[in-house]
Amino acid sequence: MPVNPSLVCKLLDSMENIDKIPLTPAEEKLKWVTDNVTKSHDLRKKVPSSFINGQWLNPESLKTEPWIHQEKAVVDKIYWHNYESLGQWSNLAADARKNHLSKVAQVIKKSSVELSEFEVYAHNAPADLLSKEVIPFLSSYWQYYSGWAALEDPQNRQFYATGMVLVDVRKSRFPLLEANLAAAPALAAGCVVTVIGHARVESLLFLASIASLPAGVLNVVVTDSESNPPQDAFVGRPLVVFGPIHSMAEHTEFFNAECTFYFCGRSSMIVLDQSDVEGAARALLEETAKRANFSLWPVTEVLVQEHLFQTFVSYFEKINPGNPVSAKKFPGSALGKIKKFAKDEGVKLIECAEALLLVNSRYEELGVSESVDAGLNVVSIMPIRSLNEAVSIVNSRPRIISASVWTQEGPLATRAASALKVPLVWVNHHGVISDPASGLGSTLYSGFGRWGGLNGLLNFKQWRPTVCDKGAHRLETKWSDVADPSLRSLGMLIDGKVVQAVSTKVLISRNETPFATVSIPNSKEVGSAVSAALKAFPAWSALSQPARAEAVQNFAAALLKSEAAYAKLLTDFGVEGDSIAAREMKAATQVLSKWCGKATIGQVLDSSMSGKSWTRQVAIGVVGICGPIDSLSALISLIAPALLAGNCVIVGASPREALVALHLAQVGAALPAGVLSVVGPESQAHLAAHPELGALWVGFREATRLLSKQPKKVWRVDWACLDVCPGEYIIHHCTNCRSVCYAD
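Predicted, not measured: the structure shown is a model, and the values here were computed from it. (Residues numbered from 1 in each chain as written. Predicted model: local features only at pLDDT ≥ 70, side-chain atom pairs only at ≥ 80, totals over all residues. Heavy atoms only, no water.)

Participant: Help me understand the overall build of the protein chain, please; the structure alone is not making it clear to me.
Facilitator: Tallying secondary structure elements over the protein chain gives 23 helices and 32 strands in all. Looking at the protein chain as a whole, 59% of its 744 residues qualify as buried. The long-range share in the protein chain, meaning contacts at least 24 apart out of those at least 6 apart in sequence, stands at 74%. (Helix = DSSP H or I, 4+ residues; strand = E, 2+ residues; numbered from the N terminus. Buried < 20%, exposed > 50% of the residue type's maximum accessible area, 1.4 Å probe, protein only. Contact = heavy atoms within 4.5 Å.)

Participant: I'm lost on the side chain of S267 in this one. Help?
Facilitator: In this structure, S267 sits in strand β9 (residues 266-271). Aside from chain neighbours lying at most four places away, what touches S267 is W297, P298, V299, T300, E301, I400, S402 and H430.

Participant: Explain the pattern of salt bridges to me, please; I cannot follow it from the model alone.
Facilitator: Pairing between side chains of opposite charge can happen when the charged atoms of each approach one another. Summed over all chains, the structure comprises ten salt bridges. Between R282 and E278 there is a salt bridge, with the nearest N and O atoms lying 4.0 Å from each other. Here the residue R282 and the residue E278 both occupy positions in helix α9 (residues 277-291), the gap between them amounting to four residues, near one helical turn. Taking relative accessible area as the criterion, R282 reaches 41% and is therefore assigned partly exposed. Judged by relative accessible area, E278 falls into the partly exposed class, the value being 41%. (Salt bridge = Lys/Arg side-chain N within 4 Å of Asp/Glu carboxyl O.)

Participant: I'm lost on the packing of helix α19 (residues 577-596) against helix α20 (residues 632-644) in this one. Help?
Facilitator: Packed helices, taken two at a time, are described by their axes: the angle between them and the distance between them. The N-to-C vectors of α19 and α20 enclose an angle of 20 degrees; their axes lie 9 Å apart at closest approach. Classified by the angle between their axes, α19 and α20 sit roughly parallel to one another. The two elements α19 and α20 cross, and the hand of that crossing is right-handed. Contacts between α19 and α20 involve E584, M585, A587, A588, V591, L592, W595 and C596 from the first element and L632, S633, I636, S637, A640, P641 and L644 from the second. Looking at the contact of α19 with α20, its residues break down into twelve nonpolar, two polar and one charged. (Axes fitted to C-alpha atoms, helices over the stretch in contact; angles between N-to-C directions. Parallel < 35°, antiparallel > 145°, perpendicular 65-115°, else oblique. Left-handed = near helix turned anticlockwise from the far one by under 90°. Nonpolar A, V, L, I, M, F, W, Y, C, P; charged D, E, K, R; others polar.)

Participant: So what exactly am I meant to see when it comes to the sheet that holds strand β23 (residues 503-508) here?
Facilitator: Backbone-to-backbone hydrogen bonds pair the strands of a sheet. The strands run either parallel or antiparallel. Strand order in the open sheet formed by four strands is β19-β23-β24-β20, and the pairing between neighbours is mixed. Edge positions in the sheet fall to β19 (478-480) and β20 (488-490), since each of these pairs with one other strand and no more. Sheet twist, expressed as the average angle between the axes of neighbouring strands with direction ignored, equals 40 degrees. Sheet analysis places β23 next to strand β24 (residues 514-520), joined by six bridges and oriented antiparallel. Bridge assignment links K505 to a residue of β24, and that residue is V518. (Pairing = 2+ DSSP bridges.)

Participant: Just to check I follow, could you spell out the pairing of strand β15 (residues 424-427) for this structure?
Facilitator: For a regular strand, side-chain orientation follows a simple rule: the groups alternate between the two sheet faces. Side chains L424 and W426 project from β15 onto one buried face, and the interleaved V425 and V427 project onto a second face that is buried too. Here strand β14 (residues 400-406) pairs with β15 via four bridges, running parallel. For A403, the partnering residue across the bridge sits in β15 and is V425. Between the parallel pair β14 and β15, the chain is carried across by helix α14 (residues 410-419), and the sense of this crossover is right-handed. Here β15 runs beside strand β32 (residues 735-742); their pairing, made up of four bridges, is parallel. Note on β32: the bridge partner recorded for L424 is S739. (Right-handed = clockwise from strand over helix to strand, strands pointing away.)

Participant: Explain helix α16 (residues 523-542) to me, please; I cannot follow it from the model alone.
Facilitator: Since one α-helical turn is 3.6 residues long, residues separated by three or four positions face the same way. For α16, which comprises 20 residues, the first-to-last C-alpha distance of 29 Å matches the rise-based estimate of 28 Å (1.5 Å per residue) to within 8%. The largest bend along α16 measures about 40 degrees and falls at A536, with the proline P538 one to four residues further on. Along α16, the positions that sit buried rather than exposed are E525, V526, G527, A529, V530, A532, A533, A536 and W540. (Expected span 1.5 Å × (residues − 1). Bend = angle between axes of the 7 residues up to and from the residue.)

Participant: What am I meant to see in the environment of S519 here?
Facilitator: Note that S519 resides in strand β24. Taking relative accessible area as the criterion, S519 reaches 1% and is therefore assigned buried. Measuring from C-alpha to C-alpha, the distance between S519 and V502 comes to 7.4 Å, with 17 residues separating the pair along the chain. Setting aside chain neighbours within four positions, we find S519 in contact with L490, G491, M492, V499, Q500, A501, S503, T504, G680 and P681. A distance of 3.3 Å separates a polar atom in the side chain of S519 from a polar atom in the side chain of Q500. (Polar contact = N/O pair within 3.5 Å; in protein donor to acceptor, adjacent residues only side chain to side chain.)

What follows is the structure, encoded as structure tokens:
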């Protein structure tokens, strides 16, 4: 192929590490670049366009940039509604689906050279990172989920595939890895997958074309960064979005999807007593000089025990090649601002090819912390006095998704791993995922979602019973805005006290007469409930399982004692209060007793066969429950596991069926203040918009729009069938996972 001189010059200009090429004469350097241009062009000819329904949309490749045909006006395309492929794949026999996924694993292994070449030649990815870590992991990951696929029986199952999964990697740091994290469990669950990409998706297109999956099961759409699929493609289906925090606002219109994941955290390193200081320094160099642009969790800070601090810094400087950082790696004037700050404050600044390292100073002090989420690779190296100080610092970082602990002292490593609240902890290594069974989660501003193990599969499963008890009574309610001070008042439970809202409405009985004055909360009052729950959460989640069970049993006793009051409330409302109350109280207390007897919450979920990693469940934080629940036992079926898992719960009464929740406000004070809150009707929008609510459970067919820029774990519940919902599925929705991985 003839070489385009302008293209060569452009490539030369774009290569920050051109000085690392071991060729000094200009002619040889030009030949090296020319060969790479040729190789890159030859590779891109293999992936000319989007790959949909088993074929290329445009078989002829482009001759100039962007090389790959980009889809325009994707909102009009029919491939978002590929129901035929979904039906065939989800109903495929378990062994057949297993064989397909196993073949993908084999194809990845067999085609490792080609997959690596796409990343190396097109995006300057480190070849050894791909060949030694990424490609082998992807192969084992697909093989692992082929085993789960074999356990699925389409003719006899409680869990169903959620449908067509959309995976958006347009803002991703490493599309090849991140798209596969979602695709393998989604396909194992019986879903079909469409990946939406913009740049750096050549290897994904190549994999989709050689995977030999049935047509339409794995699709890759290449489009620009602005075009979006039709809105109805996201409603009621999983949407998986990988990208940095600053791009979240661009996806707020899709927050009414059933599952939305962000995977955009950063990581910390903690170097403690009796550690391999040189090994930790080499790991930091690996992360900053090699992985920086191909890491799911770029390093943000390194915390080193005081007496090891100077040794660590000196050794890092010794092994650091000293390549200067290019301004192209930093948005706007960030690089100049950082260097000026370092000079003015006398802060030592180390340049390391892809990152800047600040010695004894934090990036928050730079005044450019927002740029960190936009891809600014700045690492702080700080001394610490103790493990407790390090744990306090890391746990206070809302965007830290992983951390590594460096020490040869076993008990100290265990103590550190247990105290850290990040989803993933490495011991004596950093940045490597080697075991597909190891759960990988997100938390707080890093988003949510879980990968690996059974929880990765349940991301793409929904529970739908074939037969369930729809309930023997309905407590649908009507309302009036005409105030009547003579009526009884049904208040809200906030911070352990029954309170009244500023605004109220009158509940109309079955006899069409005014029945009670009910509090209608505003955003401030809902915020007070969330604040009380957040205040109670640390102490409640820190309790042992038996201690939480004892508190919930006390709540069960208080609930049972309120049977007469509940019967009178229902009778006055105009229904058969005695029989309904007796039946519901018995069912609710049985549910509470059942859950109090469970000893699995918080235990180890998955562990590797080698015993070098383990995953356990941890509480999400504050869980909001809103929906038309007409059964006390159904509501308790949600509250009990959420509480026993260590969460605090806020129940938002439904405008349609409010009495069940409002009665709980009268007895919820039996639990510690803030652990259980009950707010009045019309609270769902306020809960959805609150940035510190960890999860929201709403009705299966309710349209819920999350207005907060922080996404939440949303579960659409079939309320009427909760009594027969498998317990592990509820636990999946009210917990995150936390994993610890040990070095080989």
